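Read off the chains here:
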Amino acid sequence: PLTIETEDVSTVQSKEKDKDAKEGESTTVRRRSNFTAGTVDTANSSNPEQHGYTTALPTEGKMASRRRSRDEQHLDIKKLKSNISGATSVRKHLKVEDDDLHLQNKFNKKEFFTSMIYETLPPVFGSPLLALALEGPTRAYHFMNHRLFLPVDTSYQKTNGGAIIYIWWIVMIPIFMVIHCGLWGGIFFSEQLNIDIFEPIMALLAFLCRNSILSIKYAYYSDEELEGVRSAAPDWTDAHQFRKLIGNGWRYPLEHEGLVEEELNLAQQLIDVHLGAPSFKVEDKEVAKFLRSFDCHPDFAADNHHNDPNEVSAAFLVHQFIRMSFKDDIPFGINAKIANFAPLVCALAPNLVRLSKDQWAFGETHVEKLCHSGIFIARFMFFAQLFIFGYIAVHDFMRRRNAMKLLGRMTCYPGIRLEDFLTSKDTRGEKKDKELAKKKAKEEAKKAKEAKKTLGKIYAQEVPLEPLREEDKVTEDESKDLEQGDAGGKKTTVNSPELKSMRLYIDLREGSNAFSWVLSRRAVKAFGMGYFSRVQAYIGVLFVWAICAMIILNGIFWSSQHHNVGTIYYMVFAVFTVSICVLTAIAEATKLQELVTIHRMILKNEIFAIDQTLSDNAQIEDRRKRGLTPPAPTTANVSGDRSLDDRLKGGPALMKGPPAVLPLLSPFRKNTPKPQTFQELTETRERLEHSKRILKTADDLIGYQEEIHMPVNVMGVHATNGVYNSTIGILLTLAFLAVEGFSSGGLKYNGAGWATYPEDGA
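Residues numbered from 1 in each chain as written. Predicted model: local features only at pLDDT ≥ 70, side-chain atom pairs only at ≥ 80, totals over all residues. Heavy atoms only, no water.

## Quick word on the overall build of the protein chain
Item 1. Helix and strand counts for the protein chain come out as 24 helices and eight strands.
Item 2. Contacts spanning at least 24 positions in sequence make up 76% of the contacts within the protein chain whose residues lie at least 6 apart.
Item 3. Accessible surface, the protein chain: about 36,700 Å² in total, of which carbon and sulfur atoms supply 58%. (Helix = DSSP H or I, 4+ residues; strand = E, 2+ residues; numbered from the N terminus. Contact = heavy atoms within 4.5 Å. Areas by Shrake-Rupley, 256 points an atom, 1.4 Å probe, with all protein chains shown as cover.)

## A look at the pattern of salt bridges
Item 1. One pass over the full model with this rule turns up 24 salt bridges.
Item 2. Residue Glu-707 is joined to Arg-600 by a salt bridge in which the shortest nitrogen-to-oxygen separation is 3.1 Å. Highlighted residues: Glu-707 in helix α23 (residues 678-709) and Arg-600 in helix α21 (residues 565-625), separated in sequence by 107 residues.
Item 3. For Glu-707, a relative accessible area of 31% gives the class partly exposed.
Item 4. Linked by salt bridges that have partners in common, Glu-111, Glu-135, Arg-139, Glu-227 and Arg-230 make up one network. (Salt bridge = Lys/Arg side-chain N within 4 Å of Asp/Glu carboxyl O. Buried < 20%, exposed > 50% of the residue type's maximum accessible area, 1.4 Å probe, protein only.)

## Concerning helix α19 (residues 511-526)
Item 1. Compared with an ideal rise of 1.5 Å per residue, which puts 16 residues at 22 Å, α19 spans 23 Å between its outermost C-alpha atoms and is within 8% of the ideal.
Item 2. Burial analysis of α19 places 14 of its 16 residues in the buried class, the great majority of the element.
Item 3. Downstream of α19 by one or two residues, Gly-528 has phi in the positive range, about 60°. (Expected span 1.5 Å × (residues − 1).)

## Topic: the packing of α19 against α23
Item 1. Viewed as axis vectors pointing N to C, α19 and α23 meet at an angle of 15°, and their least axial separation amounts to 8 Å. With respect to α23, the axis of α19 lies roughly parallel. α23 is crossed by α19, and the crossing has left-handed handedness. Mapping the contact onto sequence places Gly-511, Ala-514, Phe-515, Trp-517, Val-518, Arg-521, Arg-522 and Lys-525 in α19 and His-690, Ser-691, Ile-694, Leu-695, Ala-698, Leu-701, Ile-702, Gln-705 and Glu-706 in α23.
Item 2. By residue class, the composition of the contact of α19 with α23 is nine nonpolar, four polar and four charged. (Axes fitted to C-alpha atoms, helices over the stretch in contact; angles between N-to-C directions. Parallel < 35°, antiparallel > 145°, perpendicular 65-115°, else oblique. Left-handed = near helix turned anticlockwise from the far one by under 90°. Nonpolar A, V, L, I, M, F, W, Y, C, P; charged D, E, K, R; others polar.)

## Describing the environment of Glu-257
Item 1. You can see Glu-257 is positioned in the loop between α11 (238-244) and α12 (259-270).
Item 2. By relative accessible area, Glu-257 is classed as buried at 1%.
Item 3. Residues Glu-257 and Arg-243, spaced 14 residues apart in sequence, show a C-alpha to C-alpha distance of 9.4 Å.

## A word on the nonpolar core
Item 1. If you look at the biggest cluster of nonpolar residues, it comprises 148 residues, and the most contacted ones within it are Leu-291, Met-410, Leu-418, Phe-421, Leu-504 and Trp-545.
Item 2. Examining the composition of this core, we find that 19 residues originate from one element, α21, more than from any other.
Item 3. Setting aside residues no more than four positions away along its own chain, Leu-291 makes contact with Ala-302, Val-312, Phe-316, Leu-418, Phe-421, Leu-422 and Leu-504.
Item 4. Counting residues in each nonpolar core, the second largest holds twelve residues, with Ala-131, Ala-140, Phe-143 and Met-144 among its members. (Core = buried A, V, L, I, M, F, W, Y, C linked by side-chain atoms within 4.5 Å.)

## Topic: a nonpolar patch on the surface
Item 1. A cluster of nonpolar side chains, Tyr-141, Val-152, Tyr-166, Ile-167, Trp-169, Ile-170 and Val-171, forms an exposed patch at the surface whose accessible area comes to about 700 Å².
Item 2. Among the elements that line the nonpolar patch, the one with the most residues is helix α7 (residues 163-188), at five residues.
Item 3. The topology assignment puts Val-171 in helix α7. (Patch = residues over 30% accessible without salt bridge, like charges linked within 9 Å, V, L, I, M, F, W, Y side chains within 5 Å.)

## Focus on the packing of aromatic side chains
Item 1. All told, the structure shown has 27 aromatic pairs when counted by the stated rule.
Item 2. Pairing Trp-250 with Tyr-531 gives two aromatic rings, centres 4.2 Å apart and planes at 0°, and the pair type is stacked. With Trp-250 in the loop between α11 and α12 and Tyr-531 in helix α20 (residues 529-558), this pair connects stretches of sequence that are 281 residues apart. Considered together, Trp-250 and Tyr-531 belong to a single accessibility category, that of buried residues.
Item 3. Aromatic rings pair up to connect Phe-107, Phe-112, Phe-113 and Tyr-220 into one cluster.
Item 4. Over the face of the ring belonging to Tyr-218 we find Arg-147, whose NZ or CZ atom lies 3.7 Å from the ring centre.
Item 5. In this structure, Lys-244 is placed above the aromatic ring of Tyr-531, and the distance from its NZ or CZ to the ring centre is 5.4 Å. (Phe/Tyr/Trp six-rings, centres within 6.5 Å; stacked < 30°, edge-to-face > 60°. Lys NZ or Arg CZ within 6 Å of the ring centre and 35° of its normal.)

## Here we look at the environment of Thr-237
Item 1. Mapping Thr-237 onto the fold places it in the loop between α10 (223-229) and α11.
Item 2. Sequence separation of Thr-237 and Lys-158 is 79 residues, and the distance between their C-alpha atoms is 7.3 Å.
Item 3. With sequence-adjacent residues up to four places away left out, Thr-237 is seen in contact with His-146 and Tyr-156.

## Describing the layout of surface pockets
Item 1. Here the second largest pocket defines a volume of roughly 1,100 Å³.
Item 2. When residues of the lining of the second largest pocket are traced back to their parent elements, those giving at least two are α4 (109-120), α7, α9 (198-219), α11, α16 (366-409) and α20.
Item 3. A total of seven residues in the lining of the second largest pocket trace back to one element, the largest contributor, which is α7. (1 Å grid on protein atoms, 1.4 Å probe; cavity = no way out; pocket = protein on both sides within 12 Å on 5 of 7 lines; lining within 4 Å. Points joined across faces, edges and corners; volume = space filled by probe spheres on them.)

## Some words on the environment of Ala-233
Item 1. Relative to the elements of secondary structure, Ala-233 occurs in the loop between α10 and α11.
Item 2. Put simply, Ala-233 and Thr-154 are 79 residues apart on the chain and 9.9 Å apart in space, counted from C-alpha to C-alpha.
Item 3. Sequence-distant contacts of Ala-233, defined by excluding residues within four places in its chain, comprise His-146, Ser-155 and Tyr-156.

## Digging into the side chain of Arg-323
Item 1. Summarising the element assignment, Arg-323 is placed in helix α14 (residues 314-326).
Item 2. The buried charged residue Arg-323 lacks any salt bridge partner; its closest oppositely charged side chain belongs to Glu-261, at an N-O distance of 4.0 Å.
Item 3. Polar side-chain contacts of Arg-323 include one of 3.4 Å to the backbone oxygen of Thr-427. (Lys, Arg positive; Asp, Glu negative; His and termini not counted. Polar contact = N/O pair within 3.5 Å; in protein donor to acceptor, adjacent residues only side chain to side chain.)

## Let's talk about unusual backbone geometry
Item 1. The linkage connecting Tyr-413 with the following residue, Pro-414, adopts the cis geometry, with an omega of 10°.
Item 2. Although it is not a glycine, Val-124 sits at a positive phi angle of roughly 70°.
Item 3. Along the chain, Val-124 turns up in the loop between α4 and α5 (126-135).

## Quick look at a negative patch on the surface
Item 1. Side chains of Glu-680, Glu-683, Glu-686 and Glu-689 sit close together on the surface and give a patch of like negative charge.
Item 2. The exposure class assigned to Glu-680 is partly exposed, which follows from its relative accessible area of 35%. (Charge placed at Lys NZ, Arg CZ, Asp CG, Glu CD.)

## Thoughts on the packing of α14 against α16
Each pair of packed helices can be summarised by the angle the axes make with each other and by the distance between the axes.
Item 1. In the contact formed by α14 and α16, the axes pass within 9 Å of each other and the chain directions differ by 145°. Once α14 is placed against α16, the crossing between them reads as right-handed. On the side of α14, the interface is formed by Phe-321, Met-324, Ser-325 and Phe-326, while α16 contributes Asp-396, Arg-399, Arg-400, Asn-402, Ala-403, Leu-406 and Leu-407.
Item 2. A breakdown of the residues in the contact of α14 with α16 according to their chemical character gives six nonpolar, two polar and three charged.

## Here we look at α7
Item 1. Its 26 residues give α7 an end-to-end C-alpha distance of 37 Å, which sits within 8% of 38 Å, the value for a rise of 1.5 Å per residue.
Item 2. Those residues of α7 that fall on the buried side of the exposure criterion are Ile-165, Trp-168, Met-172, Ile-173, Phe-176, Ile-179, His-180, Gly-182, Leu-183, Gly-185, Gly-186 and Ile-187.
Item 3. For α7, the elements touching its buried residues are α4, α8 (190-193), α9 and α16.

## Considering the confidence of the model for the protein chain
Item 1. In the predicted model, the protein chain carries a mean pLDDT of 78, and the fraction of residues at 70 or more is 74%.
Item 2. Predicted confidence is poor over residues 19-46, with pLDDT under 50, and the contacts of this stretch with residues over four places away or in other chains come to 64 contacts.
Item 3. The low-confidence segment residues 456-463, where pLDDT is below 50, has four contacts with residues more than four positions distant or belonging to other chains. (pLDDT = per-residue confidence, 0-100.)

In structure tokens form, the structure reads like this:
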């Protein structure tokens, strides 16, 4: 059977390749818009916005989304279901010999330093020349168009018809030229231009931090992605680029078609598991029926056609938890307000101080105006990017913590409400859903207005459907599965009335549940690992900037350097806001890491309860063997014919005489089984011992992986309260030293805002 299934998979792959060769194009992923016969090719749509996506699914070239066909996926699940332990070593059990280099989440030091040089050099002149020297003419041409160092070919930037190239030449390239003139002119000719040299130095430091963040992005690219950046379109296009951006793709992952699903598939491959094989047993049959018929992504359905009617696949729950946690935008609280307004305040501070001293805000001569303008633009643009990166990192920690909390909540009685984690498959995130709702309302109002002017009524317009091609048609069996599902009726949605009254509770004492829970937790941990590694590094970059700024500030005061008071205001405010961002990120990372101990405590509680149950039942079995009467049960252990209130209050039992055995499972579960015979008692003991072994192994695995091997890191160290306290201590120490240097040096400022010292004779 294994040989037959392997041949079936290869046959499916060969048919897909032959089909692509006949069509003369790259692999195209067709995605069903609903569970009915028919397809919508949103990936190749000229306007993906009409489907609610910011960018369509990249489906051209070597970098097309690696999404297996449903037939192949079902064969995998069927093969793994025969040996559930195979879900933890998929490559071995499925005989996968492909060397998945794109899954290696490693930091490429060479690419980091190379990108730093590329980003620091001016575009059009510096970066293209370096690319020609390092990459060669052909690869350099592709590289310069992809990285926008010298964009001349619209085929590399297809969004909006390549309009970004024209914007780049008209707006961005002149801005970068002005920035370079301002930074280097202000540093090397500060005395001639009457510019405080520390003003362009601080802007240059922000420029280098911004470049390091961009370089970190490329350093975490896989070898295949780095090759794509140096290849001709469509192997790599702006659609791929947008999906890899922290400020675009990862800030709004649901707006980019298939990004969440692709990252979840990569997470499973990265940790070598298959979440489609393991399932959770749900006690409430109505809840299981509702979830198995829920209208969701077909590759992550609760009913995988191989699990039982009272089971839901782990892939379904993980997919729903991630979508619920990652659909929200950055909340517009104090942190978002700082990120929005701090860059403008930092940029304007020196200029406003000069105005308050009756001086020109941007200098008097044309050269001074050019340099001051370049420095001002650099401060505003680079600090805006730094704050955006910082608070997206904070938000990513919060989203991951929410997903982990959902995993923990469903294992604690009475479970989690279905409305707290189920999402519509059509949702595109909080921000995009609001935009689409407003757009739809405007369109409907416009249509109603036009219909009222003409006929006074709105007539439904029937649009003739194009005939389906043979390869797009759905088989009869598949159509029944898709339309009816496990419930044998309509699909349930988030608008179903019974949703609000249902809860999902997963009992970890079921061995299969504990096994599935651990795999699900590992998958959530590995989800978007490339992005997660980047955001952890970004916080370190911001902290380095704050430390460097404080060191420069101390150097100014303690060495009596000539400077302007406007620069001091700017530095103090910038360091304060960046420090808030860094400390907030460390606090969120620490909260995420603390969930490890919380989840381990859940497992330990279950192990403790099982030990007590096994001990009680072993005592009963021993007394039975000796022909003695079992001891009367205590109120803490009895779960028999009593109400929940009586059990909680420790009231008297309503049972007639002592029970044959003590209860074996949680007193909060309904219809708790009461084994009466030695055979039933033995079977239950074996089942609980099996569950105990799984729980102990799960506890050890989580402890090793997430506390020793791969904990949450921030600034290169484990995220703990000690890191938070140390960061505050370093920043406060440097701040106190700066204040001491300011007060002990006899520093004063003249009418123009320039510093004067006692040794100057002022």
